[in-house]
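# Remarks on the overall topology
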Amino acid sequence: MASSEENSALFPIFILTIIALPLVPYTILKLCRAASKKTKSIHCGCAVCSRSGKYRRSIFKRISNVSTCSNFTLMLLWILMGVLVYYIKHISREIQVFEPFGILGLEPGASDSEIKKAYRRLSIQYHPDKNPDPDANKYFVEYISKAYQALTDPVSRENYEKFGHPDGRQGFQMGIALPQFLLNIDGASGGILLLWIVGVCILLPLVIAVVYLSRSSKYTGNYVMHQTLSAYYYFMKPSLAPSKVMDVFIKAAEYMEIPVRRQDGEPLQKLFMLVRSELNLDLKNIKQEQAKFWKQHPALVKTELLIQAHLTRETSALSPELQRDFKRVLELAPRLLEELMKMAVIPRSTQGHGWLRPAIGVVELSQCIIQAVPFSARKAAGGSAEGIAPFLQLPHFSEAIIKKIARKKVRSFQDLWDMTLQDRAELLTQVAGLSASEVQDVEMVLEMMPSITVEVTCETEGEEGIQEGDIVTVQAWVTLKRANGLIGALPHAPYYPFHKEENYWFLLADPSLNNAWFSQKVSFMDEAAAITVASKAIEEAMEGLGASAKDTGNTIREAVERVKSGSRLVMGKFQAPAEGNYNLSSYLLCDSWIGCDKKTSVKVKVLKRTRAGTRGGHTAEGPIVEDGIEEEEEIEEEDYDDYESEYSEDEEDKQETSKKGPANGNARGKGARSSSEGSGSDEE
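Here the structure is a predicted model, which is why all the values come from computation and not from measurement. (Residues numbered from 1 in each chain as written. Predicted model: local features only at pLDDT ≥ 70, side-chain atom pairs only at ≥ 80, totals over all residues. Heavy atoms only, no water.)

### Regarding the overall build of the protein
The helix and strand inventory of the protein stands at 25 helices and 10 strands. Here the protein holds 684 residues, and 42% of them are scored as buried. The long-range fraction of contacts in the protein, counting pairs at least 24 apart against all pairs at least 6 apart in sequence, stands at 73%. A total accessible area of about 37,400 Å² is found for the protein, and carbon and sulfur atoms account for 55% of it. (Helix = DSSP H or I, 4+ residues; strand = E, 2+ residues; numbered from the N terminus. Buried < 20%, exposed > 50% of the residue type's maximum accessible area, 1.4 Å probe, protein only. Contact = heavy atoms within 4.5 Å. Areas by Shrake-Rupley, 256 points an atom, 1.4 Å probe, with all protein chains shown as cover.)

### Some remarks on the UniProt feature "transmembrane region" (unreviewed entry) in the protein
Mapped onto this numbering, the UniProt entry gives "transmembrane region" (unreviewed entry) at residues 12–32, 66–88 and 192–213. End C-alpha atoms of residues 12–32 are separated by 29 Å, and the span's content is 100% helix alongside 0% strand. (UniProt positions renumbered as here; feature names shortened; annotations may be inferred.)

### Section: the packing of aromatic side chains
The geometry of two aromatic rings is summed up by the distance between their centres and the angle between their planes. A complete count under the given rule lists 13 aromatic pairs for this structure. The interplanar angle of 75° and the centroid separation of 5.8 Å between the aromatic rings of phenylalanine 391 and phenylalanine 413 together place this pair among those described as edge-to-face. One end of the pair, phenylalanine 391, is in helix α18 (residues 389–392); the other, phenylalanine 413, is in helix α20 (residues 413–418), with 22 residues separating them in the sequence. Look at phenylalanine 413 and you get buried, because its relative accessible area is 3%. Grouping aromatic residues by their ring pairs yields a cluster made of Phe272, Phe293 and Trp294. Lying over the aromatic face of tyrosine 234, lysine 237 brings its terminal NZ or CZ to 5.7 Å of the ring centre. Its guanidinium or amino end placed over the ring of tyrosine 233, arginine 348 lies 3.9 Å from that ring's centre, counting from NZ or CZ. (Phe/Tyr/Trp six-rings, centres within 6.5 Å; stacked < 30°, edge-to-face > 60°. Lys NZ or Arg CZ within 6 Å of the ring centre and 35° of its normal.)

### A closer look at the pattern of salt bridges
Enumeration according to the criterion identifies 16 salt bridges in this entry. Ionic pairing is found between glutamate 331 and arginine 328, a salt bridge with its closest N-O pair at 3.7 Å. Linking glutamate 331 with arginine 328, this pair stays in helix α16 (residues 320–345), spanning 3 residues, or about one helical turn. Each of Arg261, Asp264, Lys302 and Asp325 takes part in salt bridges that share partners, so that together they form one network. (Salt bridge = Lys/Arg side-chain N within 4 Å of Asp/Glu carboxyl O.)

### Comments concerning the nonpolar core
One recurring pattern in soluble globular proteins: nonpolar side chains tend to sit buried together. Counting residues in hydrophobic clusters, the biggest one holds 59 residues, and the most contacted among them are Phe249, Tyr255, Leu305 and Ile369. Listed by contribution, the elements that provide at least two residues to this core are α10 (226–235), α11 (245–249), α13 (265–275), α15 (298–311), α16, α17 (356–371), β5 (504–510) and β8 (580–590). Considering each element in turn, this core owes the most residues, 13 residues, to α16. Not counting residues up to four positions away in its chain, the partners in contact with leucine 305 are Leu268, Leu271, Phe272, Val275, Leu279, Phe293 and Trp294. Grouped together as the second largest cluster of nonpolar side chains are 58 residues, Val454, Val478, Leu588 and Val606 included. (Core = buried A, V, L, I, M, F, W, Y, C linked by side-chain atoms within 4.5 Å.)

### Comments concerning helix α24 (residues 549–564)
Its 16 residues place the ends of α24 22 Å apart at the C-alpha level, agreeing with the 22 Å of an ideal helix rising 1.5 Å per residue. Every buried residue belonging to α24 is among Thr552, Ile556, Ala559, Val560 and Val563, and all of these are buried. Each buried residue of α24 sits inside an arc of 105° when the element is viewed along its axis, so together they form one side. For α24, exposure combined with an orientation more than 90 degrees from the buried face picks out Lys550, Arg557, Glu558 and Glu561. In this structure, the buried side of α24 is in contact with β4 (471–481), α23 (527–545) and β7 (567–575). (Expected span 1.5 Å × (residues − 1). Arc of directions from axis to C-beta.)

### Concerning the sheet that holds β8
The 6 strands lie next to each other as β1-β6-β5-β8-β9-β3, forming an open sheet whose pairing is mixed. Looking along the sheet, the strands with just one partner apiece sit at the ends: β1 (354–355) and β3 (466–467). Across 6 bridges, the pairing between β5 and β8 is antiparallel. Bridge pairing in β8 links leucine 508 to serine 586. Those strands touched by α16 are β1, β5 and β6 (515–522), and its axis lies near 15° from that of β5. Each of β1, β5, β6 and β8 is contacted by α17, which is oriented at about 15° to β8, the strand it contacts most. (Pairing = 2+ DSSP bridges. Axes fitted to C-alpha atoms, helices over the stretch in contact; angles between N-to-C directions.)

### Some words on the confidence of the model for the protein
When pLDDT is averaged across the protein, the result is 79; 77% of the residues are at 70 or more. When mean pLDDT is taken per element in the protein, β5 scores highest with 95 and helix α25 (residues 627–636) scores lowest with 41. Confidence drops under pLDDT 50 across residues 614–641; counting only partners more than four residues distant or on other chains, this segment forms 41 contacts. The low-confidence segment residues 674–684, where pLDDT is below 50, has 24 contacts with residues more than four positions distant or belonging to other chains. (pLDDT = per-residue confidence, 0-100.)

### Quick notes on the packing of α13 against helix α14 (residues 286–294)
Relative orientation of the contacting elements α13 and α14 amounts to 135°, with a least axis distance of 13 Å. For the element pair α13 / α14, the angle class is oblique. By crossing handedness, the relation of α13 to α14 is classed as right-handed. In this structure, α13 contributes Leu268, Gln269 and Phe272 to the contact, and α14 contributes Gln290, Phe293 and Trp294. Of the residues contributing to the contact of α13 with α14, the split by class is 4 nonpolar, 2 polar and no charged. (Parallel < 35°, antiparallel > 145°, perpendicular 65-115°, else oblique. Left-handed = near helix turned anticlockwise from the far one by under 90°. Nonpolar A, V, L, I, M, F, W, Y, C, P; charged D, E, K, R; others polar.)

### Some points on the environment of glutamate 254
Looking at the element boundaries, glutamate 254 is found in helix α12 (residues 253–256). Along the primary structure glutamate 254 and leucine 332 are separated by 78 residues, whereas in three dimensions their C-alpha atoms are 8.0 Å apart. Within the structure, the side chain of glutamate 254 is placed 2.6 Å from the side chain of threonine 228, a separation counted as a polar contact. (Polar contact = N/O pair within 3.5 Å; in protein donor to acceptor, adjacent residues only side chain to side chain.)

### Description of a nonpolar patch on the surface
A cluster of nonpolar side chains, namely Phe72, Met75, Leu76, Ile79 and Val83, defines an oily patch on the protein surface of about 480 Å² accessible area. Looking at where valine 83 falls in the secondary structure, it is placed in helix α4 (residues 69–94). (Patch = residues over 30% accessible without salt bridge, like charges linked within 9 Å, V, L, I, M, F, W, Y side chains within 5 Å.)

### Points about α17
Relative to the 22 Å expected for 16 residues at 1.5 Å per residue, α17 spans 23 Å between its end C-alpha atoms, a close match to the ideal helical length. Along α17, 15 of the 16 residues are buried, which leaves the element largely enclosed by surrounding structure. Immediately downstream of α17, the backbone of alanine 372 shows phi near 55°, a positive value.

### Thoughts on the environment of alanine 231
Among the secondary structure elements, alanine 231 is positioned in helix α10. On the basis of relative accessibility, which here comes to 16%, the residue alanine 231 falls in the buried class. C-alpha of alanine 231 to C-alpha of leucine 340: the two residues are 109 residues apart in sequence and 9.8 Å apart in space.

Here it is, written out as structure tokens:
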């Protein structure tokens, strides 16, 4: 009996162990992450952002952030562990080990006379002749009598004192951590035991493996479907205009899964009439264009209309169902745009170059989505290459206010930025008609906007000059400064309902040939990660040059100081092309702010190979597309009325590559807030 009770007590211990093994480390890891996670409260704090409620930490939002599915499951598992611990303690109290001295109420080592006295006393109390209670009779027979026999018999007492049991030395015993009814294999419980073993040992791991593999095969590491990447790669074209990037962006498989309800028809029709001017429809054949638009897949139509409603800020009339779909579309947008950017710059030519024009279009689409600015606002107007789009990202600004300040010769965003604080306040209060609090909101956003400085060098490590076939190292120091002194911060984006960190893309490209030679993502939010990356890159570069440990340490310390002061190191390699002079451009594109991009010129001179041997060839990853196919794609591109991107170049402005340049490419751009206000060497 005692053995079966002990086996039954092992089952909850077994379950407790299985739950505790993964639960305790996972809980500790989650608590450590929560403790070390920085709060994302570094935002402008203007009245418009406060009214949006995105940064308001109400009690409901705090509860909703805590009461997630994972946290709820975690709490239930800890409650279950507490119940199991209590149950195990309760069972351990009920299961009593046979202890003769304890049963008779004596101390170990008592004499025979003391044992007989205790036995007589308990017999008077529990003997069946003295006590008719059945429980007393059972206790007397099973415990008191056996304890007296174990202690009065000389051999039994000696065995108990030596080995802890009246029968002498006991062998090693093992228990099965299963309920007692499953151990009776003579009856139907034998099949239950078999099912238990098969289910826990075979079926459960198999189900977990199938679910994990099916999910991992469907999504990439950035939680984007493989089907989405295939669609983006297929529809990406080298001559894709910025306004046409939207047509590729909405073809994500995630957007195709958004439900299209029957009751959405009428609200979408009304929404279509509001945003029709932003859909690039041919006004000459408007009826045919509308019919063609509605013949698309319903999910594509719905996604594009919801995005256009966001860009035109016409989302207040959306139904609750469309509001949920609208938020889902915007929530997926940042990571989908990041993958679309990667598809634009992925090497596709024999030289390992990506495409510049669609990459710029992807970043401009990201800027418009984060700031809720339509593409039509980016058309060049009034002497500004960026149009009125940069103004519309400021709080309390509208087209009417922009027209008012334009009469005072403030036609570009840079003109407004270059004004003194007093002059700008007078302009906004007296001309634009803003109140003092609204002017303060504008100043807070202007202080949050970044100013970028880029220093680029291209050289062959350990060699003088760049020769064709060399592996060229690109090193760029990107420095960010704000008027309020912050480095990493969240952008002013009151119309985007989710937290969005600033990200930048560094591109080294040849604008005349639409080739992107090198690309890398840059972030200013995580200083520790930036220090690690910069230290490792510099250490590898110094080792390649054969520098001493002291020089390497000094260089790393200087780099760490630069990172702490607001700089980030961008470093990469590409293979030098054929002999010639190349007028390249470096782009630093922000995915959140409009008008804060930076473009500088980089002149690279490639000499004819004279060194013995060949440098290691740099094989670019990615598929290779023949030049003939690219030409066909450009010919087949449809005509459209597109706005001029701020980076577009006319044929007459393309410079000849026959001019001589330095052996190693160097460029330094400072303080410009946009490409149109760049350095003198970059003006077109």
